[in-house]
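Fold and contact review
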Amino acid sequence: MAEPLLTMSGISKAYGPVRVLENVDLSLSAGEVRCLAGENGSGKSTLIKILSGVVAADGGTVTIAGRRLGNDARAAIDAGLSVIYQDFSLFPNLTVAENIAFLRFVAQGRRWNNIAEQRRLAGDVLARMSVDIDPRVLVETLPVASKQLIAIARALANDARIIVMDEPTTALTRNEVTRLAGIVAALKDDGVAFLFVSHKTEEVFSFCDTITVLRDGHVVAAGAVGDFDADRLGREMTGRSIAHERIARADAPPQPVFLETRGLTRRGDYADISLELRPGEIVSILGLLGSGRTELAQTLFGMVAADSGEIRIGGEPVAFAHSSEAVEAGIGYVPEDRLTEGLFLDQPIGDNITVASLEQSASGGLLDRRSLAERARRAVERLRIRTPGIEPPVATLSGGNQQRVVLARWMERSPALMILNGPTVGVDIGSKREIHELLVGLNRSGTALLVVTDDIGEALALSDRILVMVNGRITAAFDPRTADEDTLYAAVTTGGDR
Amino acid sequence: MSRLVALIASPRSVVFLTAVVFALVIGALNPNFLSVATLIDLLRNSLVTGIFALGVMMVLASGGIDVSFTAVGVFAMYATVSLVLGLDLPMPVVGFFVIAALIGAGLGILNGLLIGVLGLPTLIVTLGTLSFFRGALLTFVGTTYISNVPRNVIAFARTNIVRLENAVGQLVSLPLAFVVLAGVAVVVALMMNVTQFGRKIYAIGGSEEGARRIGIDVGWVKLRIYVIAGGIAGLAGMTHFTLSRMANPFDLVGSELDVIAAVVLGGARITGGHGSVSGALLGALVITMINTSLLSAGVPSYWQKVVVGVLILVGTGLPIAIERFRSQRARLARPA
Ligand SMILES: Nc1ncnc2c1ncn2[C@@H]1O[C@H](COP(=O)(O)OP(=O)(O)OP(=O)(O)O)[C@@H](O)[C@H]1O
Ligand SMILES: [Mg+2]
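An account of the accompanying structure is given in this report.

**A look at the overall build of chain A**
Scanning chain A for helices and strands turns up 17 helices and 22 strands. For 498 residues, the compact-globule formula gives about 23 Å, and the C-alpha radius of gyration of chain A, at 23 Å, lands near that figure. C-alpha extents for chain A along the principal axes are approximately 70 × 50 × 45 Å. Within chain A, the fraction of its 498 residues that count as buried is 55%.

Quick look at the structure:
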C-alpha cells in the first residue's frame, strides 16, 4: 500500500500510576478499514482520544498526511479527522440539524450561523444514510439509537478523510448496521480511511481489512483480517481461549413460579405477553431493538404501566406504581442505557456500587463506611473491574468496566428476580463470558434472571429457556440445548426489523 | 385544541399566559390597571432588570451562573460618575454609557479569566467577585451619594419617548433609556442566533466536553461571555443612574435573585443550554409586574414572593406534565 495517511508511533499514556498505553504503533492508509480490538480497559478509547487531540499523550507522535499533530482537537479536525465517540458526545439542547452541522462549521472557522444550510446538510447526510429523523427536533427528545445515528451523521457531514468509530453500533438494529456497512464501503472507494472499534466479532470481520489488537496497552498483534479468525482474535485479546458453548449447569430443583404474567398488553409497545419464571431459572427474551422488549422489561420493574393484563409475584397479583415498589418486591433492573440511566459518573466507583444497598451496611440509622468499602472492594474483585481502587469516579473507567459497575450494584442487593436489559452491550468477548458465568453462578443461589437481549450467542450461552419477541409479541419459545443460531436468527428477524 | 396544547407546552408560554391571567385578575380588582399607561409604566420599571437579564441569560445558556453582575453594574456606574465629575470633563451622555460598559467589561475580564482560563466553578467565582467588587467599590471609590448629576444627563433622563397620564392623573412615561434596553436586546439576539459565537455558547451549555471535542476553544468562548456580560451589567448600572438621577453605591446589589428568577421564568435552565432574549425580557416584565402591580392592587408585598415561586414551579412543571401526556397519547394512537 501507499504511504499511510495516518501514523501513530510510540504512543504512551499513563493516568497517575496506571499505565494505559505503552509504545503503541498504528497506521492507516487511504481506503483502509482497520479494526482496533481489545478487552475493556485495554486502552482503545484512550488511543482514539489521543489521536483526536482531546487527551495529551505522554510520549509518541501522531502524523496525518505528513503533518505532526499535537494535543489540539481543532488541528486534528482540520487535518480531516472525524470521530464518533463511544458516548456520542452530542449536544442534547440543540436540534438534530445543528448537531450534524456543528463540527463542519467549526472546522471551517465560520463566523455566521446559517440555519438553512444546516438543514440542507443534515437532510443530505441523513438521506444518504437512509435514516428518517426530523432534523428540526432537539436531540434530547430522541432515543439512544437515533442519537447514535446522529453521531455517525455528524462524522460523515464533515467530509472527513479519516473516520474513527468507537463502538458505533451498540444501539443499532441489524438493518441500520447493514446500511452503515454500505456507507463505509462507498466511502472507502472514495479513499476515506476508517478506524473501527467493536466488540461484536461478526462486525469486525464484515467491516474491516486489517486488525490491530491491544492488550493492556500494548499492541500484541496486527495484520490483515485474513490472518485472523474469531478464535485467534479472542485469544490475542485476552491471552486465552474463549469458550462459546452454553455454560454447563445442574438443573435447578423445581420450585413454585416467582414471576408470572398473563395477557400483559401495552398498546403500541407489546401485546398479550404471558410468561413464567421460577427461582433459579434464566429466561432470555430475544428480540430486536424496537420489538417492545425494553418496554416489557420496564413494565415488570414498575417504570411504565401496562394497559391490561396481570403480573403476579409469588402468586399474588401486583400493580407497581413506581420502580421502588418493584425493588421492595425483590426485583432488580439493569437498564439498557446505563450511561444515562444507571450511573453517577462523577461519583466514586465504590459509592456507585453500594448506593442501592446501603441498608446492608447500616446500623441504627448510621452508615458503616468500612463495611461499605469492603463490600465495594469485593464486588470490584468479583466482577474484575479494572481500576486502581474504589475511590476514582466511574467516569475514569472504560466503557465496558462502567457496565460492570451497574451489574455489581444490583448483585449487591441479591434480588429474587433480576431483569437485565442487554447485560453485555459493549463488553468484550472475554469479559462477556466471565459475566455470563457470574450470572449463572448468581442464579444457582436462587435468583431468577430475565435477560433481554438481541445477542443470539448470549441467549444460547446463558439461558434455560429462550422466548423470541417480534413486534411486541412472543412468537416462539426455544430450548437452548437444542436450538441453533440460524433457527433463532430466522425467528427473530421474521416480521421485519422494527 | 392541539394548537393550544402546543402553545402552553413551553415554559415561556406558560409564564406568558399566567402573566396575562394574572394581569386580568389584578385588572378585575383594580379596573384602572388594564391600560396602556400601566404597560408603559411596567416597561419603565423593568428597564434595568431587563438589561441585566440579557447578560445573565447568556451566562445561563453557557451552563454557568453569574451572581456578581449587580456588583459589576453598581461599580461601573459609580466609578464612571465619580470619574467624570472628579475630572470635570465635558462628557456627552453616550460617553457615560461607553465608559460604564468598558469598566463593566474590565471587571468581567476577572470573572472570565478565573472561569475560562483557570476553569473554576462559576458560582464560586462570581460569589467571590460579587463581594470583592462591592467591597472594592466602597473601600476605594467611595460611599457617598452623588446627586449633583450633570445637566446633560438630567436632560437625557427627562427626554421621553412616550408620555401619558394614567386614570388617576399621574404621569407615566417611557424614558429615552429604553433604547439602551432595545439596543442590547437586538445585539444579544443577533449574537446568540446568527453568529457562531452564540451557537458555541449553547453548545458549551449543552455539553462542555462535547464542545471541546469538536474543536471549540471553550476557555476563550467563556472568557468572552463574561466580558460581554460585564459590559452589559455596566450599561444596566448606568441606566439605573439615569433613571434615579443619583449615584448611590449601595444600590442594585441584592436584586440578583430577582433577575435570575426573571431569566429562569423566561425558559433558561440553571443546567445550561437554554435561554432566549425574548424569554429573558418576558421574564423581566413578569417579575416587575408582580413586584409593582401587586402593591398597587393593595396586595401585601410578601405575596410577591409566593407568586414568583408559584410561577417558577408552574412554568417549569407544566410543560413537563404536558409532554408526558402527549407522548402517552401518541403511544395509544399507534397501532397495537
Ligand atoms: N480520565 C481518566 N483517569 C484515569 N484513568 C482513566 C481515565 N480515562 C481512562 N482511564 C483508564 O484507562 C484505561 C483504558 O481505558 P479506555 O477507555 O481506553 O479503554 P477501552 O479499551 O476503550 O475499553 P472499552 O472497551 O471498555 O471501551 C482504563 O483502565 C481506564 O480506567
Ligand atoms: Mg472504549
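**Quick look at a negative patch on the surface**
Negative charge collects at one region of the surface, where E202, D484, E485 and D486 of chain A lie side by side. Looking at the secondary structure, you find D484 of chain A in the loop between β22 (473-478) and α17 (485-493).

**Re the pattern of salt bridges**
Applying the stated rule across the entire model yields 36 salt bridges over all chains. The closest approach of N and O atoms between E236 of chain A and R232 of chain A, which form a salt bridge, is 3.0 Å. Here R232 of chain A and E236 of chain A lie together in helix α8 (residues 230-238), a separation of 4 residues that amounts to about one turn. Residue D479 of chain A pairs with R481 of chain A through a salt bridge whose shortest N-O separation is 3.2 Å. For D479 of chain A, a relative accessible area of 31% translates into the label partly exposed. One continuous salt-bridge network, built from bridges that share partners, spans D87 of chain A together with E208, E209, R212, R213 and K222 of chain B.

**Notes on the packing of helix α6 (residues 93-117) of chain B against helix α7 (residues 122-141) of chain B**
Residue and element names in this part refer to chain B. For the pair α6 and α7, the least separation of the axes is 10 Å and the interaxial angle reads 150 degrees. If you check the angle between α6 and α7, you find them roughly antiparallel. The element α6 and its partner α7 pack so that their crossing is right-handed. Contacts between α6 and α7 involve L107, L110, N111, L114 and I115 on the former and, on the latter, T122, V125, T126, T129, F132 and F133. Of the residues assigned to the contact of α6 with α7, the class counts are 7 nonpolar, 4 polar and no charged.

**Focus: the coordination of the magnesium ion (ligand 2)**
All names here are of chain A. The coordination sphere of the magnesium ion (ligand 2) contains the protein donors S45 (OG) and Q86 (OE1), at a distance range of 2.0 to 2.2 Å. You can see S45 sitting in helix α1 (residues 44-51) and its partner Q86 sitting in the loop between β6 (81-84) and α3 (96-107), a full 41 residues away along the chain. Judged by its relative accessible area of 19%, S45 falls in the buried class. On the basis of relative accessibility, which here comes to 24%, the residue Q86 falls in the partly exposed class.

**Focus on the interface of chain B and chain A**
Taken together, the 28 residues of chain B in the interface contact 30 residues of chain A. Between chain B and chain A, the buried area comes to about 2400 Å², and carbon and sulfur atoms account for 53% of it. The largest share of the area that chain B buries against chain A comes from Q196, R213 and I214 of chain B, three residues that together contribute 33% of it. Linking chain B with chain A are 3 salt bridges. For the salt bridge of D87 of chain A with R213 of chain B, the shortest nitrogen-to-oxygen distance reads 2.9 Å. Put simply, chain B and chain A have 8 residue pairs in polar contact (both at pLDDT 80 or more) between them. Of all the elements in the fold, those that place two or more residues in the side of chain B that touches chain A are α9 (178-194), α10 (196-206), α11 (208-213) and α15 (302-333) of chain B. The element that contributes the greatest number of residues to the side of chain B that touches chain A is α10 of chain B, accounting for 8 residues. Its residues placed into classes, the side of chain B that touches chain A shows 10 nonpolar, 10 polar and 8 charged.

**A short note on the sheet that holds strand β14 (residues 308-313) of chain A**
Strand pairing in a sheet relies on backbone hydrogen bonds. The paired strands run either parallel or antiparallel. Residue and element names in this part refer to chain A. One open sheet accounts for 4 strands, arranged β12-β11-β14-β15; its pairing is antiparallel. In the strand order of this sheet, the two ends are held by β12 (270-277) and β15 (316-318), each with one partner. Averaged over all pairs of adjacent strands, the angle between their axes in this sheet comes to 25 degrees, without regard to strand direction. Bridging between β14 and β15 involves 3 bridges; their strand directions are antiparallel. Looking at β15, one finds that I313 is bridged to E316. Contacting β11 (259-266), β12 and β14, helix α9 (residues 293-300) runs over the sheet at an angle of about 125 degrees to β11.

**Overview of the pairing of strand β2 (residues 18-28) of chain A**
Here is the key point about a regular strand: its side chains alternate between the two faces of the sheet. With 7 bridges joining them, strand β1 (residues 6-15) of chain A and β2 of chain A adopt antiparallel strand pairing. For K13 of chain A, the partnering residue across the bridge sits in β2 of chain A and is L21 of chain A.

Definitions and cut-offs
Residues numbered from 1 in each chain as written. Chains lettered and ligands numbered in written order. Predicted model: local features only at pLDDT ≥ 70, side-chain atom pairs only at ≥ 80, totals over all residues. Heavy atoms only, no water. Helix = DSSP H or I, 4+ residues; strand = E, 2+ residues; numbered from the N terminus. Rg over C-alpha atoms; globule rule 2.2 N^0.38 Å. Buried < 20%, exposed > 50% of the residue type's maximum accessible area, 1.4 Å probe, protein only. Patch = residues over 30% accessible without salt bridge, like charges linked within 9 Å, V, L, I, M, F, W, Y side chains within 5 Å. Areas by Shrake-Rupley, 256 points an atom, 1.4 Å probe, with all protein chains shown as cover. Salt bridge = Lys/Arg side-chain N within 4 Å of Asp/Glu carboxyl O. Lys, Arg positive; Asp, Glu negative; His and termini not counted. Charge placed at Lys NZ, Arg CZ, Asp CG, Glu CD. Axes fitted to C-alpha atoms, helices over the stretch in contact; angles between N-to-C directions. Parallel < 35°, antiparallel > 145°, perpendicular 65-115°, else oblique. Left-handed = near helix turned anticlockwise from the far one by under 90°. Contact = heavy atoms within 4.5 Å. Nonpolar A, V, L, I, M, F, W, Y, C, P; charged D, E, K, R; others polar. Donors = N, O, S within 2.8 Å, 3.2 Å for Na, K, Ca; no water. Buried area = accessible area lost by both parts, 1.4 Å probe. Polar contact = N/O pair within 3.5 Å; in protein donor to acceptor, adjacent residues only side chain to side chain. Pairing = 2+ DSSP bridges.

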